[in-house]
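Here are the chains, one letter per residue:
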Amino acid sequence: MKLLRLAPKNTQIPFLAIRNLTFGISGFLGVASVVLLLAFGLNFGIDFRGGILIEVRTSDASSIGAMRASVSNLGLGDVSLQEFGDPRDILIRIEQQPGGEEAQLAASDLVKVALVREFGEVEYRRVEFVGPKVSAELIRKGLLALALALAAMMIYIWLRFEWQFGLGAVIAIAHDVLLTMGLFSLLQLEFNLSIIAAILTIIGYSMNDTVVIYDRVRENLRKYRSLGLIELLNRSTNDTLSRTLVTSATTLLALLALFFFGGAVIKGFTFAMIWGVFVGTYSSVFVAAPLLIYMGVHRGAIAEDTKTAEEQAG
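Counting residues in each nonpolar core, the largest one holds 51 residues, and the members touching the most others are Ile 157, Phe 165, Phe 191, Ile 199, Ile 203, Tyr 214 and Val 217. Mapped by element, the contributors of at least two residues to this core are α5 (132–160), α6 (163–187), α7 (193–223), α8 (229–239), α9 (241–261) and α10 (267–295). Ile 54, Val 71, Ala 107 and Val 111 belong to the second largest nonpolar core, which has 16 residues in total.

So, in C-alpha cells, the structure goes:
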C-alpha cells in the first residue's frame, strides 16, 4: 500500500535562494497593512463598539434566518444573531443607537414588537446595554491577549532553542497577525471577539509550523557541523516540507467545510483561519527560517549542548 505524499521524497528546493524576493513581498504587504489600518481602521463589531444584547427563547426551534431578516429590516444598523446552547435560544446583538439610554430602550422595544409579530410568544431572558467603557475594555484585553501570546511564544522558543530562534519566530508570527488585520481592514470585514480568537489560534498554528522547522535546523546544526548555514536551512526546510504541506492541507479541508457549511455565525472566524493557514505556512518557510541567517545563530552553543547531553547519557 503506497502512502500519499503531497511533496516528493528528498526534495532539494532552494528556498533561501529567493529570500530577498520573499522578504520584499512580506515587507510590502506589512507596510500596506499598516497603511490600511491607519487609513481605514478596522470594522469593529458590536463587541468593540458597544450596543444592545438581547437573549430570547422561542417556543420551538426557530429559523434564525427568518429572525435575522425580521430584525435587520428595522433600520437599527449592524445586527447579528447567534444560536447558543438550546436551539431555541438566540442571542441578538444590535449596534449602539445614538441618543443615550432612551434610544437603546426604544430600539429594544422595537425588536420585541417585531419578534412577537413574527414568532408569537417569545421569552426575553436578558436585555443588556454594552456601553463604550465595556467595549473599550474588551479592546484593551484583546490587544493584551495578543501581546501576551507573542511574549509567551518568544520565551518558549528562547528556552527551547536560543534567543535568535525566539526573535525570528516572533517576527514571523507578528508578520502573520499584521497581514491578517490588514486583510480585514482592506475588506472591511467585521472584527469582533471571534476574530481575536482566530488570531490567537493563528499564532499557535504558525508557531507549531515554525517549531518543526527550527527543531530540524537545530538537529542538522549538530549533525552537519561543516555545512554552510544557507545549505543547512534549505535542507531543514526540505526535510519538513511534506509534514508542513500535509498539516496545512488537512487543516484547510476542515476549515473550508466550516466556511461553506458552518453558517454565518462562524464565517468570519473560519475566513480568518483560512487566511492564517496560508500566511502561517508561508512565513514559517520564507520568513522564520531565512531570518536565522541574519540572527547570528551560534553553532558553538548548540554543539556544547550536544556534548553535555552525550556526556550525561554516557
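After that view of the structure, there is still more to cover.
Our next topic: the pattern of salt bridges. One pass over the structure, following the stated rule, counts seven salt bridges. The salt bridge partner of Arg 216 is Asp 239, with a shortest N-O separation of 3.4 Å. Remark: Asp 239 occurs in helix α8 and Arg 216 occurs in helix α7; sequence separation between them is 23 residues. Classification of Arg 216 by relative accessible area gives partly exposed; the value is 27%. By relative accessible area, which is 38% here, Asp 239 ends up partly exposed.

This part covers the packing of aromatic side chains. This model, assessed by the stated rule, comprises nine aromatic pairs. Summarising the aromatic geometry, the rings of Phe 23 and Tyr 294 are spaced 6.0 Å apart at their centres and angled 55° between planes, so their arrangement reads as tilted. Placement of the pair is Phe 23 in helix α1 (residues 19–39) and Tyr 294 in helix α10, with a sequence separation of 271 residues. Ring geometry for Tyr 282 and Phe 286: centres 5.4 Å apart, planes at 35°, overall tilted. You can see Tyr 282 and its partner Phe 286 sitting in helix α10, four residues apart, about one turn around the helix. A relative accessible area of 22% means that Tyr 282 is categorised as partly exposed. Taken together through their ring pairs, the aromatic side chains of Phe 44, Phe 184, Phe 191, Phe 259, Phe 260 and Phe 271 make up a single cluster. Here Lys 112 stacks its cationic end above the ring of Tyr 124, 5.3 Å away from the centre of that ring.

So, about unusual backbone geometry. A positive phi angle, close to 55°, is found at Gln 188, a residue other than glycine. On the secondary structure map, Gln 188 appears in the loop between α6 and β6 (190–191).

What follows covers the sheet that holds strand β3 (residues 79–83). The four strands are arranged β3-β4-β2-β5 in an open sheet whose pairing can be described as antiparallel. Looking along the sheet, the strands with just one partner apiece sit at the ends: β3 and β5 (122–130). The average undirected angle you get between the axes of adjacent strands in this sheet is 15°. Across eight bridges, strand β2 (residues 51–58) lies against β5 in antiparallel orientation. Within β5, the residue paired with Glu 55 across the bridge is Arg 126. The sheet strands contacting helix α3 (residues 64–72) are β2, β3 and β4 (89–95), and the helix crosses β3 at an angle near 160°. Across the sheet, helix α4 (residues 100–119) is in contact with β2, β4 and β5; its angle to β5 comes to roughly 155°.

Put simply, the protein chain has an average pLDDT of 83, and 89% of its residues get 70 or more. Mean pLDDT across the secondary structure elements of the protein chain bottoms out at helix α11 (residues 299–313), with 49, and peaks at α1, with 95. Overall, residues 306–314 carries pLDDT values under 50, and its contacts beyond four positions in sequence, including any with other chains, amount to two contacts.

Right, let's get into the environment of Trp 275. Its location among the elements puts Trp 275 in helix α10. The exposure class of Trp 275 is partly exposed, given its relative accessible area of 28%. Beyond its immediate sequence surroundings of up to four residues, Trp 275 is in contact with Leu 179, Thr 180 and Leu 183.

Mapped onto the secondary structure, Lys 9 falls in the segment before α1. Placed 229 residues apart in sequence, Lys 9 and Asn 238 show a C-alpha to C-alpha distance of 9.1 Å.

Right, let's get into the packing of α8 against α10. The geometry of α8 relative to α10 is characterised by a closest axis approach of 9 Å and an angle of 150° between their N-to-C directions. On the basis of their axis angle, the class for α8 and α10 is roughly antiparallel. Judged by the sense of rotation from one axis to the other, the crossing of α8 with α10 is right-handed. Side by side, α8 and α10 meet where Leu 229, Ile 230, Leu 233 and Thr 237 of the first sit next to Val 285, Ala 289, Leu 292 and Ile 293 of the second.

Parameters and conventions
Residues numbered from 1 in each chain as written. Predicted model: local features only at pLDDT ≥ 70, side-chain atom pairs only at ≥ 80, totals over all residues. Heavy atoms only, no water. Core = buried A, V, L, I, M, F, W, Y, C linked by side-chain atoms within 4.5 Å. Buried < 20%, exposed > 50% of the residue type's maximum accessible area, 1.4 Å probe, protein only. Helix = DSSP H or I, 4+ residues; strand = E, 2+ residues; numbered from the N terminus. Salt bridge = Lys/Arg side-chain N within 4 Å of Asp/Glu carboxyl O. Phe/Tyr/Trp six-rings, centres within 6.5 Å; stacked < 30°, edge-to-face > 60°. Lys NZ or Arg CZ within 6 Å of the ring centre and 35° of its normal. Pairing = 2+ DSSP bridges. Axes fitted to C-alpha atoms, helices over the stretch in contact; angles between N-to-C directions. Contact = heavy atoms within 4.5 Å. pLDDT = per-residue confidence, 0-100. Parallel < 35°, antiparallel > 145°, perpendicular 65-115°, else oblique. Left-handed = near helix turned anticlockwise from the far one by under 90°.

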